[in-house]
Amino acid sequence: MATRVETESIAATRRRPARRRVRVPWSSIAKHGILLFFCLIILFPLFWVFLLSIKSLPDAYTNHIWPNDFDFSSYRTALTAIDTLPQNIKNSVVLTLATMLITTTVAVLAGYALVHLPTPGKGIVLAILVGSLFVPSRVTGLISIWEIQDRLGLINSTWGLLLPYQTLALAVSVFIMRGVFQTIPRELAESARVDGAGSFMILRRIMIPLVRNGVIVVLITNFIAAWGEWLLANTLTNDQEQRTLTVVMASANAGFGQWLWPTMAAMYVVAILPGLIAFIVVQRWYMRGLQEGALKG
Amino acid sequence: MASRAVAVRPPSRFHTIWRSTTRFARTWPYLVPALVFFIGWQLWPIVRALWISFTNFSFLLDDSPESAKWIGLENYVNALQDPLVREGLLNAAIFTAIFLPGMVFLPMVTAVLVDRVRNQKLATTYRLILLIPAMIPGPLIFILWVWMYSNGIGPINYVLVDVLGVYDLTNQPTWLGSTNTTFISLALMEWWWGLGFHTMFYLAGLSTIPKELYESARVDGASEWRIFWKITFARLRPILLVLVVLRFGTAYALIDEYILTGGFDRSKPTYTWTVYMWDTAFQVGDQNRGYAAAIGWIGTIGMLAVVLWLFYAFRNKD
């Protein structure tokens, strides 16, 4: 119930006033027709891959979209067919959670300093962060990232990936947090300061509760960036035990000798499911976070 | 009078330095954690790559870039004459040109349509469904679409061949395999992925347009088409420009989708400058990372030049 009331109240502020004129039906049909078409296109590949994962082998190879026989055993096969897979999943989970936590924390701190503190040099910091969006540092810097990791003895180490992973969405995260902090009136921090609160106290007690939705957006952004990261993980690790789920999936895709299609599809569903479930759980706050200035940053 | 004199007197030099030092000490601790990662693993690597690009550092021959020979601009001279670099830059540009229009205009149309949906439950449902692909990481999207386009298992060709009968098994399109269709297939995949997320940007922009503007335009008897161009499009223009610049940056330096869909096949158009750089640095020959760094920097400079030109072209003309 609360959900509905809240979404409606956001919606109400955005809604155009009802027109006096009676709507021409065909334009409404066209509008919904196009949107429905887009939605179907979006859903079809996901629906297809899910069906593939529960098809029996003959159905998978004859390609019929709706299977004659269902076979749910592919999920068990998928999780046991590669003996390193539990380790790969664990690597992905640990790396992703740590990246979400660290990047979000540093982005919140930086966003706060860039908006609500009299930080010297914030213009320069901001300019460099903006500039980084227009430089393909991920590609061009790869050679030197390899070198740094090598000097630190972190080549072929899952934990070592944690360091370069922090930059995957760092600049964007700081922008989002900056945009969200900007929506909070300065007077709020000022009055707390007059009351004798320190800057960290203000951040923790007053700001964090107010930027909650923005934090959700940043968390999700980093989840997507880290969970699916392929280039760095593929370049900086060699042993299958050290690799992440995405890298193992991608290489299984390239040479699927031991792999059968429904098994591959089952593994794929396992790989995308955490993101979709997390999205369904937090979508209310995520949408509001986007509205509240995350996109304006 | 006395109080004014106090206010005018300049603070002592020591006092000013003390004040700015404490201000620094009180605020920068919030920035430092982000900057450590940003400088260490994003800014420094690209600067370091510039330095490496002036050496003949080959990973299998030299211990470190320092022990390699400084050869000045030789890598750049060679790279600019290398047909693989030239074709790689050109192919990246062709893909960007195919990719950009759909990536910025399709979401705009979608956003305008979603914004006009009056039933709020329906509007929220549309948004959620459109956003689903944004919750799947890129590389996993590419794996899925390799299957979608596949001749053996792919549902697209299944529909075209077995259901509709437009093609038969001998002449069915080989989407990612043939040179003509590779980029358009990749672009379709990217549009599918980015549609919902970019729509959200436009929806955020649409929500800031005051409704009175539409009302008064209608009272003045302006046509719906004119209202769209003069109000909606004009207000969305800044968002459009930001997205063009941002997406240009990502499109020109794509690498994951090229490697995951095309591998390291030099005859394919997906062997762009980024893939060539990776191949040179980590895979072929002596792993000539000096040369690879030069390729990377040529791409970077090309990209920066276009971005600056875009900013110049889109500068506020008012």
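All values reported here derive from a predicted model rather than from experimental measurement.

Remarks on the overall build of chain A
Right, on to step 1. Assigned secondary structure in chain A consists of 16 helices and zero strands.
Right, on to step 2. For chain A, restricting intrachain contacts to residue pairs at least 6 apart in sequence, the fraction spanning at least 24 positions comes to 77%.

Thoughts on the overall build of chain B
Right, on to step 1. A count of helical and extended segments in chain B gives 13 helices and zero strands.
Right, on to step 2. Reading the secondary structure of chain B in the N-to-C direction produces α-α-α-α-α-α-α-α-α-α-α-α-α.
Right, on to step 3. What you see for chain B is a C-alpha radius of gyration of 27 Å, clearly larger than the 20 Å of a compact globule of 318 residues, by over 25%.
Right, on to step 4. Considering only C-alpha atoms, chain B reaches an extent of 95 × 75 × 35 Å along its principal axes.
Right, on to step 5. Residue burial in chain B is summarised as follows: out of 318 residues, 41% are buried.

Considerations on the packing of helix α4 (residues 83–115) of chain B against helix α10 (residues 224–252) of chain B
Residue and element names in this part refer to chain B.
Right, on to step 1. Across the interface, α4 lies against α10 with an axial gap of 9 Å and an inter-helix angle of 145°. The crossing of α4 and α10 is right-handed. Mapping the contact onto sequence places A92, F95, T96, F99, L100, M103, V104, M108 and V112 in α4 and T232, L236, L240, L243, V244, R247, F248, A251 and Y252 in α10.
Right, on to step 2. Partitioned by chemical class, the residues of the contact of α4 with α10 number 15 nonpolar, two polar and one charged.

A closer look at helix α13 (residues 212–227) of chain A
Right, on to step 1. Its 16 residues place the ends of α13(A) 22 Å apart at the C-alpha level, agreeing with the 22 Å of an ideal helix rising 1.5 Å per residue.
Right, on to step 2. In terms of burial, α13(A) is a largely internal element, 15 of the 16 residues being buried.

Remarks on the nonpolar core
Right, on to step 1. The biggest cluster of nonpolar side chains holds 160 residues, and the ones touching the most others in it are A110(A), Y268(A), A34(B) and I295(B).
Right, on to step 2. In terms of residue count, helix α8 (residues 179–206) of chain B provides more of this core than any other element does, twelve residues in total.
Right, on to step 3. In contact with A34(B), other than residues within four places in its own chain, are V106(A), A107(A), L109(A), A110(A), L170(A) and V174(A).

Considerations on the packing of helix α2 (residues 13–52) of chain B against helix α13 (residues 289–313) of chain B
Residues and elements named next belong to chain B.
Right, on to step 1. With their axes 8 Å apart at the nearest point, α2 and α13 run at an angle of 120° to one another. When the axis of α2 is compared with that of α13, the two are oblique. Crossing handedness for the pair α2 and α13: left-handed. Facing A49, L50 and I52 of α2, the residues of α13 in contact are R289, G290, A293, G296 and W297.
Right, on to step 2. Grouping the amino acids of the contact of α2 with α13 by side-chain chemistry returns five nonpolar, two polar and one charged.

Re the interface of chain A and chain B
Right, on to step 1. The interface of chain A with chain B comprises 73 residues on the first partner and 75 residues on the second.
Right, on to step 2. When grouped by side-chain class, the residues that make up the side of chain A that touches chain B number 50 nonpolar, 18 polar and five charged.

Digging into unusual backbone geometry
Right, on to step 1. Residues other than glycine seldom take positive phi values, yet N156(A) does so here, at roughly 65°.
Right, on to step 2. Note on placement: N156(A) falls in the loop between α8 (142–151) and α9 (162–165).
Right, on to step 3. Within the chain, Q287(B) stands out as a residue other than glycine whose phi angle is a positive 55°.
Right, on to step 4. Tracing the sequence through the fold places Q287(B) in the loop between α12 (273–282) and α13.
Right, on to step 5. The class of Q287(B) is partly exposed, set by 19 C-beta atoms lying within 10 Å.

A short note on the confidence of the model for chain B
Detailed reading of the predicted model is not advised wherever pLDDT is low.
All names here are of chain B.
Right, on to step 1. Per-residue pLDDT for chain B averages 88, and the proportion of residues at 70 or more is 96%.
Right, on to step 2. Contacts for the low-pLDDT stretch residues 1–6, under 50 throughout, to residues beyond four places or in other chains number zero contacts.
Right, on to step 3. For this predicted complex, the interface score ipTM comes out at 0.85, while the overall pTM is 0.86.

Notes on the environment of V114(B)
Right, on to step 1. For V114(B), the position within the fold is in helix α4.
Right, on to step 2. Among the residues examined, V114(B) registers 24 C-beta atoms within 10 Å and is labelled buried.
Right, on to step 3. Counting along the chain gives 89 residues from V114(B) to L203(B), while the straight-line C-alpha distance between them is 8.1 Å.
Right, on to step 4. Setting aside anything within four residues of it in sequence, one finds V114(B) in contact with L35(A), A123(B), Y126(B), R127(B), T199(B) and L203(B).

Cut-offs applied
- Residues numbered from 1 in each chain as written.
- Chains lettered and ligands numbered in written order.
- Predicted model: local features only at pLDDT ≥ 70, side-chain atom pairs only at ≥ 80, totals over all residues.
- Helix = DSSP H or I, 4+ residues; strand = E, 2+ residues; numbered from the N terminus.
- Contact = placed C-beta atoms within 7 Å.
- Rg over C-alpha atoms; globule rule 2.2 N^0.38 Å.
- Buried ≥ 20, exposed ≤ 12 C-beta atoms within 10 Å, placed from the backbone.
- Axes fitted to C-alpha atoms, helices over the stretch in contact; angles between N-to-C directions.
- Left-handed = near helix turned anticlockwise from the far one by under 90°.
- Nonpolar A, V, L, I, M, F, W, Y, C, P; charged D, E, K, R; others polar.
- Expected span 1.5 Å × (residues − 1).
- Core = buried A, V, L, I, M, F, W, Y, C linked by C-beta atoms within 7 Å.
- Parallel < 35°, antiparallel > 145°, perpendicular 65-115°, else oblique.
- pLDDT = per-residue confidence, 0-100.

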